[in-house]
Amino acid sequence: MEPQFWHDIWTERKIGFHRSDMHPMLQNHWHSLGREGLDVLVPLSGKTLDMRWLASEGHQVTGIELDQRAVDEFFEEWQCQPAVDARVDGLADHHSGNIHLLVGDFFGFQPEARFEAFYDRAALIAMPEAMRPDYLRKLASVVVEGGVGMLITFEYPDHEMDGPPFPVRRPELDAQNWFRVEQLERQEVIGYYSHLQEAGLTSLVETAYRLERTAEPA
Ligand SMILES: C[S@@+](CC[C@H](N)C(=O)[O-])C[C@H]1O[C@@H](n2cnc3c(N)ncnc32)[C@H](O)[C@@H]1O
């Protein structure tokens, strides 16, 4: 998707993906990943409250988000005034406490050090199929070998809706070479996502996976 697509989503407040609670699958499984105390990367972060939860669990959190409004709203809702620093990769670092939200394009992100932990909820599935290998290659390039993260996906009948969110199924995940994939939890959740039900979905399966970075990115 072009950046303007996402800026329009935020301008027009079509942010049904934003949850007003912490994601239950994150809370159910994060500690089983064994990433205590490590810095966590949250690509395509929006203003998710999950970053506050991760920070409250003792992590330094780095979110990357294209849209300035999302980042401003995150700090307003957290009732924090962030400091803002320019970075050499051109992203703008908004930070308060142990949360850094970088405004800019994830594909242009050049971290000072690779991450040992990451959390992808509604990032991979925000990309059409043709973009997903590029996204996974970029993610792999900023995660150390052996780095571990959580991925949360949706699956639904293809004919019922045009994404985003796009359905991502296990065979696609198994076909890539950068991450070892292990399922953590799988639930039918259409009852929770009323905006997707209204968009025509009769079924929505949400799955949490553990991803472990294996091979070097190509
Ligand atoms: C579907 S939303 C998910 C947000 C968040 N992960 C959540 O769970 O609420 C995808 C977000 O990624 C942002 N985004 C899309 N493309 C991006 C890119 N290339 N770099 C950084 N952010 C991007 C959008 O502005 C949007 O806020």
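Treat the numbers as computed from the prediction; the structure is a model and nothing was measured. (Residues numbered from 1 in each chain as written. Predicted model: local features only at pLDDT ≥ 70, side-chain atom pairs only at ≥ 80, totals over all residues. Heavy atoms only, no water.)

Caption draft 1: Molecular detail of the side chain of S45. Counting through the fold element by element, S45 comes out in the loop between strand 1 (40-43) and helix 3 (50-56). For S45, the residues in contact, after removing those within four places along its chain, are M51, G63, I64, E65 and L101. (Helix = DSSP H or I, 4+ residues; strand = E, 2+ residues; numbered from the N terminus. Contact = heavy atoms within 4.5 Å.)

Caption draft 2: A look at helix 5 (residues 132-141). Turning to helix 5, its buried residues are R132, Y135, L136, K138, L139 and A140. Along its buried surface, helix 5 packs onto strand 1, strand 6 (115-121), strand 7 (143-155), helix 6 (170-175), strand 8 (179-188) and strand 9 (205-213). (Buried < 20%, exposed > 50% of the residue type's maximum accessible area, 1.4 Å probe, protein only.)

Caption draft 3: Spatial organisation of the pairing of strand 5 (residues 99-103). Counting buried positions along strand 5 yields 5 of 5 residues, so the element is predominantly enclosed. Side chains I99, L101 and V103 project from strand 5 onto one buried face, and the interleaved H100 and L102 project onto a second face that is buried too. One ladder, built from 5 bridges, connects strand 2 (residues 61-65) with strand 5; its direction is parallel. Looking at strand 5, one finds that E65 is bridged to V103. The pairing of strand 4 (residues 92-96) with strand 5 spans 5 bridges and is antiparallel. Bridge pairing in strand 5 places H94 opposite L101. Where strand 4 folds back onto strand 5 in an antiparallel hairpin, the turn is made up of 2 residues, including G97, whose phi is positive at roughly 55°. (Pairing = 2+ DSSP bridges.)

Caption draft 4: Structural context of the UniProt feature "binding site: S-adenosyl-L-methionine" (unreviewed entry) in the protein. As recorded in UniProt, the sites labelled "binding site: S-adenosyl-L-methionine" (unreviewed entry) are W10, L44, E65 and R121. With respect to the helices and strands, W10 occurs in helix 1 (residues 3-11). Residue W10 is classed as buried on the basis of its relative accessible area of 2%. Among residues more than four places away in sequence, those in contact with W10 are I15, F17, G46, K47, E65, D67, R69, A70 and E73. The topology assignment puts L44 in the loop between strand 1 and helix 3. By relative accessible area, L44 is classed as partly exposed at 24%. If we ignore the near neighbours within four places in the chain, the residues touching L44 are I64, E65, F106, A123, A126, M127 and Y135. (UniProt positions renumbered as here; feature names shortened; annotations may be inferred.)

Caption draft 5: Broad picture of helix 1. Those residues of helix 1 that fall on the buried side of the exposure criterion are W6, I9 and W10. Down the axis of helix 1, the buried side of the element spans an arc of 95°, and every buried residue falls inside it. Those residues of helix 1 that are buried lie in contact with strand 2 and helix 4 (68-78). Directly beyond the C-terminal end of helix 1, a positive phi value near 60° is found at R13. (Arc of directions from axis to C-beta.)

Caption draft 6: Representation of the packing of helix 1 against helix 4. Two elements in contact, helix 1 and helix 4, have axes whose closest approach is 9 Å; the angle formed by their N-to-C orientations is 40°. Considered as vectors, helix 1 and helix 4 are oriented oblique to each other. Contacts between helix 1 and helix 4 involve H7, W10 and T11 from the former and R69, A70 and E73 from the latter. Taken together, the residues of the contact of helix 1 with helix 4 break down into 2 nonpolar, 2 polar and 2 charged. (Axes fitted to C-alpha atoms, helices over the stretch in contact; angles between N-to-C directions. Parallel < 35°, antiparallel > 145°, perpendicular 65-115°, else oblique. Nonpolar A, V, L, I, M, F, W, Y, C, P; charged D, E, K, R; others polar.)

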